[in-house]
Amino acid sequence: MKRYHSFSRKITKSCLVLGALLIGTSSCKDLLQEVPVSQVGSQYASTPNGFEAVVKAAYASLREYYGREDAMTLTVFGTDTYTMGADGSFKFVNQYTSQIDGRLSITNNIWNAFYIAINTINVALDASESITGLDPALKKRRVAELKFLRGHHYFILVQMFGPVALLTKGNLTPTKEFSRAPVKDIYAQIIADLEGSLTDLPTAVPTGGDQGRVHKAAAEHLLAKVYLTKGTDKDAAAADDFAKAATYAQNVIKNYSFSLLPDFASVFSQGAGEVNNELIFATQYTSEPITNIGTGFNSTTTSTVTINGNQTHLYFGMEYDTQAGMQRDVLNGRPFKRFRPTDYMLNVVFNPADRAKDSRYKKTYKDTWLSNRPGTYTTPIFDDTKKTLTFASGDTTIYIPGVEWTREQRAAKKYQVLVPSLYRANLFPVLQKFLDPLRPDRTYEPGSRDFIMFRLAETHLLAAEALIKQGKAADAVPFINAVRRRAAWPGKEKDMEITAAQATMEFIMEERERELAGEMHRWFDLKRWGVLVDRVKKYNPDGAPNVKEFHNLRPIPQDQIDRSAGGPSKFPQNPGY
């Protein structure tokens, strides 16, 4: 059992209580226009117990983003490394069609969830000034946690939407007066919040009942990414952004007790392994129904919906469960067939020529399925070298070698061999890092894995990227090589090292995906590097025909525009939508 279930349970209970107290006077749909916080809620937040409960509710907002369908769709789909599988949901997001507009539910849900959270945070920060009876040091720490969360939420919003409403005070009176703040002002607030939190956040990673709360290293990791991103934004960049990014990333690497785990695969161990030396910060999930199953608000249908835990295990699977010798089970997952790796991902990022030294292809993609439905089969059989197949329980039924085999090689096997020429929308290599075999049954959707937000391997790559941006490739090499040596098969560590000449942005673009595939970074990475449109056109044939430069921003929710005073003239839509 994870050591921080206690804090996780408290988050959920607080969110349920504060839902009535803090947003009971308006619907989520009217978030920025009506009264999202009642006077009762403000008074409650001014008490020691109420203030603590509001802080826990603010943490719960991370679960509305990390490991959820909405954000996964917006960060994995429509990139150079993942395109659409056979599942039909939100294919148009990958295809960049005109269906992406201000009515898009997944962008609207994130907008509403984060602004509800920001307003909750603002109310708590306002109330903190007058709270009595709370230990002063603890109050400072909680204020720092709230500032971190607000900075985090605005960082996601500014990357997705560009100029957004910048709110730093709790909204206690009805108003429709909202406007879009300049990007540079939003970044200034993000940095003020994050840097302002550093003094009062604990240096040590919280343990026991506080495991899962933010700490100083998490803030420094996020600051590294904020400065790295800001440095590439023409509306906000400053000359020292990359230097600051490198400093913050190196602080995390050098000044704390984190270390890269010896084995890449162990980073994604479930259960007790989820608390490890490489993990910096994670969104918490548990296997407890009271935490994973609850009610939320759907801003599109204005109705309650079920909140389904960590959903990432659903989206990367192939249709193994209809194949000869197989049926759906808990171990292999419930495959929604949503995200399919591109040829670029499989043949360039994970170059077959490098797999003898780099373990990450083997440890990232599942390659073997064992029979859980023994018998003799004539269909369905995708391997055209077989007419019938007979399996005993536990026999290999499907193997994905990751490279092409001859018909003779495939025919010699007593199981189906899925080679690249046979990949299709429902049959493809399966990203296995998110599979959740601890679910109680094969139909159960709520996942219990924590979603890793920040880990040390990424910190190394952020440091390297910031140094390369400054023309310091030689200084970047040790950070890249530390990650690559960890990824090496035993005895191949030296073969994985690169030189300063190889430490280029093109290399970083591929190395980040070898290390971080599926971890909700890629769309933001491509946008930061200014190559989203170019790479989608080159490597994502489903998105290539329609992607345009304006797709570097997501559409502003139309409800927000319509219900703001002045409408589109005061709160305009992003160009192209």
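**Student:** I'd like to hear about the side chain of Ser61, residue by residue, with values.
**Tutor:** Mapped onto the secondary structure, Ser61 falls in the loop between α3 (48–60) and α4 (69–76). Assessed through its relative accessible area of 5%, Ser61 is described here as buried. Beyond its immediate sequence surroundings of up to four residues, Ser61 is in contact with Phe114, Ala117 and His153.

**Student:** Provide a residue-level description of the packing of helix α10 (residues 241–255) against helix α15 (residues 456–469), including the pertinent values.
**Tutor:** Interhelical geometry of α10 versus α15 gives an angle of 150° and a closest axis separation of 8 Å. Overall, the two elements α10 and α15 adopt an arrangement that is roughly antiparallel. Between α10 and α15 lies a crossing of left-handed hand. Across from Phe242, Ala245, Ala246, Ala249, Gln250, Val252 and Ile253 in α10, the residues of α15 making contact are Leu456, Thr459, His460, Leu462, Ala463, Ala466, Leu467 and Lys469.

**Student:** Describe the packing of aromatic side chains, naming the residues involved and giving the relevant values.
**Tutor:** In the structure shown here, the tally under the stated rule is 29 aromatic pairs. When the ring of Tyr66 is compared with that of Phe451, the centres are 5.8 Å apart and the planes differ by 35°; the resulting orientation is tilted. Residue Tyr66 is located in the loop between α3 and α4, and its partner Phe451 is located in strand β13 (residues 451–455); the two are separated by 385 residues in the primary sequence. Of the two residues, Tyr66 and Phe451, both sit in the buried class.

**Student:** An account of the pairing of strand β10 (residues 396–399) is needed here, citing residue identities and associated values.
**Tutor:** Across three bridges, strand β7 (residues 368–370) lies against β10 in antiparallel orientation. Within β10, the position partnered with Leu370 by the bridge is Thr396. The pairing of β10 with strand β11 (residues 416–417) spans two bridges and is parallel. Residue Tyr399 lies in a different strand from β11, and its bridge partner there is Val417.

**Student:** Tell me what's going on with the pattern of salt bridges, and back it up with residues and numbers.
**Tutor:** By the definition in use, this model includes 49 salt bridges. With its nearest N and O atoms 3.0 Å apart, the salt bridge here joins Glu515 to Arg360. A residue pair is termed long-range when its members are at least 10 positions apart, and Glu515 in helix α18 (residues 505–516) and Arg360 in helix α13 (residues 360–364) qualify at 155 residues. Of the two residues, Glu515 and Arg360, both sit in the buried class. In this structure, Arg410 and Asp383 form a salt bridge, with 2.9 Å as the shortest nitrogen-oxygen distance. Of the two residues, Arg410 sits in helix α14 (residues 407–411) while Asp383 sits in the loop between β8 (375–377) and β9 (389–391), which places them 27 residues apart along the sequence.

Rules and cut-offs
- Residues numbered from 1 in each chain as written.
- Predicted model: local features only at pLDDT ≥ 70, side-chain atom pairs only at ≥ 80, totals over all residues.
- Heavy atoms only, no water.
- Helix = DSSP H or I, 4+ residues; strand = E, 2+ residues; numbered from the N terminus.
- Buried < 20%, exposed > 50% of the residue type's maximum accessible area, 1.4 Å probe, protein only.
- Contact = heavy atoms within 4.5 Å.
- Axes fitted to C-alpha atoms, helices over the stretch in contact; angles between N-to-C directions.
- Parallel < 35°, antiparallel > 145°, perpendicular 65-115°, else oblique.
- Left-handed = near helix turned anticlockwise from the far one by under 90°.
- Phe/Tyr/Trp six-rings, centres within 6.5 Å; stacked < 30°, edge-to-face > 60°.
- Pairing = 2+ DSSP bridges.
- Salt bridge = Lys/Arg side-chain N within 4 Å of Asp/Glu carboxyl O.

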